[in-house]
Amino acid sequence: MWSRCKTSTEFSGRAVGDEAESPTARAVGILLVHEEEEVNGLYTHPPDDATVICTDELGPVIPRTFPSAPAWSPDGHGIKAVDYSRGPEKTWVYGALRVRDGQQIIMAASSRNSVFYQQFLQQIEDANPIGELWVVTDNLSSHNSLSTRTWLEDHPRFHHAFIPVGACWLNLQEGWWRIFRKAALAGRSFANRDDIEYATTLATDQLNSHANPWIWGRPAPPTRRLRRRYVYTV
């Protein structure tokens, strides 16, 4: 699931220490560092009385049917099954990870646009009725469209923290998708959108039942202790 994301150095096109760095590249690099520090700060030192939520979209998940098991006709000839098709319906899965306790909000949608994104933000607001909401997400057009900005004016609790382009590793929702894929999608086929929604809802409920806070950063290595102590006497 994980795709390689460009670092700030790769995005700016120059390595650190290049003397011939243009003002534009320098400005882009400063902007990327500022955005990265803002996201890191939300994870390590979130604002008081605020909830940090990571959002992303997964998909499209396409329903499809597979051929039936091979069979034999009465006269001994093999019957070739030709029932293989991909359904025209596509399903996008919106996900929102609440960092402080690991709880997830899921919404299935037929498209990835501003209308469904605003509906998903409304679900996030309903699930978190107190305090400000900081949403960590990417720069998808539907996240910053005129329609979405107009909607946000009527919902002042929301604040967006956009991750730099190519830095998907800053979004903790990407890590949750990896767990979700194994629980809901791996090795399964779906005949229609209802099957997809049922699988996503069931897997999310199971994962939420034993969710834990998501902590940013690499954990400290465990302390190595000697299993046995020997005393030598001379």
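Here is a short report on the structure shown in this document. (Residues numbered from 1 in each chain as written. Predicted model: local features only at pLDDT ≥ 70, side-chain atom pairs only at ≥ 80, totals over all residues. Heavy atoms only, no water.)

Relative to the helices and strands, Asn-212 is located in the segment after helix H6 (193-209). In sequence terms Asn-212 and Asp-101 are 111 residues apart; their C-alpha atoms lie 5.4 Å from each other. Dropping the residues within four chain positions of it, Asn-212 is found in contact with Asp-101 and Gly-102. (Helix = DSSP H or I, 4+ residues; strand = E, 2+ residues; numbered from the N terminus. Contact = heavy atoms within 4.5 Å.)

Either a parallel or an antiparallel arrangement is found when strands of a sheet pair, and the pairing is made through backbone hydrogen bonds. The strand order across the open sheet formed by 5 strands is S7-S6-S1-S8-S9, and the pairing between neighbours is mixed. Only two strands of the sheet have a single partner each, and these edge strands are strand S7 (104-109) and strand S9 (158-162). Going from strand to strand, the sheet's axes swing by 25° on average, the running direction of each strand aside. Of the strand pairs in this sheet, strand S1 (residues 50-61) and strand S6 (residues 91-98) are connected by 7 bridges, and their pairing is antiparallel. The residue of S6 that forms the bridge with Asp-56 is Gly-95. Across the sheet, H6 lies against S1, S6 and S7, angled at about 175° from S7, the strand it touches most. (Pairing = 2+ DSSP bridges. Axes fitted to C-alpha atoms, helices over the stretch in contact; angles between N-to-C directions.)

A word on the packing of helix H5 (residues 172-185) against H6. Contact pair H5 / H6: the axes reach a minimum separation of 9 Å and the direction vectors enclose 120°. As for how H5 packs across H6, the hand of that crossing is right-handed. Contacts between H5 and H6 involve Trp-176, Ile-179, Phe-180, Ala-183 and Ala-184 from the former and Ala-199, Thr-200, Ala-203, Thr-204 and Leu-207 from the latter. Partitioned by chemical class, the residues of the contact of H5 with H6 number 8 nonpolar, 2 polar and no charged. (Left-handed = near helix turned anticlockwise from the far one by under 90°. Nonpolar A, V, L, I, M, F, W, Y, C, P; charged D, E, K, R; others polar.)

What follows deals with the packing of aromatic side chains. A full pass over the atoms with the stated rule returns 6 aromatic pairs. Judged by centre distance (5.8 Å) and plane angle (50°), the rings of Trp-151 and Phe-158 are tilted. Since its relative accessible area comes to 15%, Trp-151 is described here as buried. Both rings, one in Trp-177 and one in Phe-180, keep their centres 5.6 Å apart while their planes meet at 65°; by these two values the pair is edge-to-face. In this pair, Trp-177 and Phe-180 are both assigned in helix H5, 3 residues apart and thus about one turn of the helix distant. Each of the two residues, Trp-177 as well as Phe-180, counts as buried. Through successive ring pairs, a cluster of aromatic residues spans Trp-176, Trp-177 and Phe-180. (Phe/Tyr/Trp six-rings, centres within 6.5 Å; stacked < 30°, edge-to-face > 60°. Buried < 20%, exposed > 50% of the residue type's maximum accessible area, 1.4 Å probe, protein only.)

Our focus in this paragraph is H5. Between its terminal C-alpha atoms H5 stretches 19 Å, which fits the 20 Å expected from 14 residues at 1.5 Å a residue. Remark: the principal bend of H5, roughly 30°, maps to Ile-179. When H5 is considered as a whole, its buried residues turn out to be Leu-172, Gln-173, Glu-174, Gly-175, Trp-176, Trp-177, Phe-180, Ala-184 and Leu-185. With a side-chain oxygen lying 3.1 Å from the backbone nitrogen of Gln-173, the N-terminal cap of H5 falls on Asn-171. Where H5 terminates, the next one or two residues include Gly-187, which has phi positive at roughly 70°. (Expected span 1.5 Å × (residues − 1). Bend = angle between axes of the 7 residues up to and from the residue. Polar contact = N/O pair within 3.5 Å; in protein donor to acceptor, adjacent residues only side chain to side chain.)

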